[in-house]
Amino acid sequence: MELKRVFPMLMMAGTLAVAMPSCKSKVSDADLKAKVETVITSHQGITTSVKDGVVTLEGFASSDAEKAQIETDVKAADKSIKSVVNNIIVQAVPPAEISVNTVDESLAKGIVDATKDFPTVQATVKDGVISVTGTIEKAKLVTLKQALDNLHPKKVDLSAVVTK
């Protein structure tokens, strides 16, 4: 008789134990995608797709560290994310893409400091080459050359300088 009373309670408890996890609300793939895209907005050129809680990342990063950071940020976006497939390609910016004008502007600023103690000379920069004109004492020429070399130009051209 006691078994007849306990058995239905055990059945009810078993049914509830099995049914409760399935009642847990799932985050839709669209919602996950929206959360992921919010997290990666600062990373230009990265696209995402989400299928069954698995996030796939594609695009380009400038370094391995950036690629890893994007993946870490995405994983932290929502605990419903099952996994991340990181297909981001690391593509460093080649040095040739650094503007010559930027280099020349940087050198021009340094030239002002380097030549401030030499009022009889003028220096210009073009394509990373510093060209110096004017007159200078032979003893001071070495000091000027060292100051200009410390700016790391492609070349320092002193051929138009007249020494006294």
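Here goes a summary of the coordinates provided. What you are looking at is a predicted structure, and each value in this text was computed from that prediction instead of being measured.

Overview of the sheet that holds strand β1 (residues 47-51)
- Spatial strand order, β1-β2-β3: 3 strands in an open sheet with mixed pairing. The sheet is open, and its two borders are formed by β1 and β3 (83-90), each paired with just one other strand. Neighbour to neighbour, the strand axes of the sheet diverge by 10 degrees on average, direction disregarded.
- Of the pairings in the sheet, the one linking β1 to strand β2 (residues 54-61) comprises 5 bridges and is antiparallel in character. When the sheet's bridge partners are listed, V50 is paired in β2 with V55.
- Packing of helix α2 (residues 29-39) onto the sheet brings it into contact with β1 and β2, and relative to β1 it is tilted by some 155 degrees.
- On top of the sheet, helix α3 (residues 64-75) reaches β2 and β3; it is set at about 155 degrees to β3, its chief contact.

Focus: the side chain of T48
- Along the polypeptide, T48 turns up in strand β1.
- Excluding residues within four positions of it along the chain, T48 makes contact with K33, V36, E37, I40, T56 and L57.

Let's talk about unusual backbone geometry
- Of note, D52 is a non-glycine position whose phi angle comes to about 55 degrees, a positive value.
- Position of D52 relative to the elements: it lies in the loop between β1 and β2.
- Of note in the backbone geometry, D127 takes a positive phi value of approximately 55 degrees without being a glycine.
- Counting through the fold element by element, D127 comes out in the loop between β4 (121-126) and β5 (129-136).
- Taking relative accessible area as the criterion, D127 reaches 42% and is therefore assigned partly exposed.

What to know about α3
- Under the 1.5 Å per step criterion, the end-to-end length of α3 is 17 Å for 12 residues, consistent within 8% with the ideal 16 Å.
- For α3, every residue scored as buried is listed here: I70, E71 and V74. Considered in projection along α3, the buried side chains sweep an arc of 95 degrees and stay on one side of the axis.
- On its buried face, α3 sits against α2, β2 and β3.

Structural notes on the environment of S80
- Looking at the secondary structure, you find S80 in the loop between α3 and β3.
- Look at S80 and you get partly exposed, because its relative accessible area is 30%.
- Here the alpha-carbon distance between S80 and K26, two residues 54 residues apart in the chain, equals 7.7 Å.
- Sequence-distant contacts of S80, that is, excluding residues within four places in its chain, are made with V27, L32 and G53.

Concerning the nonpolar core
- Counting residues in each nonpolar core, the largest one holds 15 residues, and the members touching the most others are I130, V132, I136, L144 and L148.
- Elements with a minimum of two residues in this core: α4 (100-114), β4, β5, α5 (138-149) and β6 (155-163).
- Each residue touching I130, except ones within four places of it in the same chain, is listed here: L107, I111, A123, T124, V125, L148, L151, P153, K155, V156 and D157.
- By size, the runner-up hydrophobic cluster in this structure holds 13 residues, among which are V36, V55, I70 and I88.

Here is what the cut-offs are and how they apply
Residues numbered from 1 in each chain as written. Predicted model: local features only at pLDDT ≥ 70, side-chain atom pairs only at ≥ 80, totals over all residues. Heavy atoms only, no water. Pairing = 2+ DSSP bridges. Helix = DSSP H or I, 4+ residues; strand = E, 2+ residues; numbered from the N terminus. Axes fitted to C-alpha atoms, helices over the stretch in contact; angles between N-to-C directions. Contact = heavy atoms within 4.5 Å. Buried < 20%, exposed > 50% of the residue type's maximum accessible area, 1.4 Å probe, protein only. Expected span 1.5 Å × (residues − 1). Arc of directions from axis to C-beta. Core = buried A, V, L, I, M, F, W, Y, C linked by side-chain atoms within 4.5 Å.

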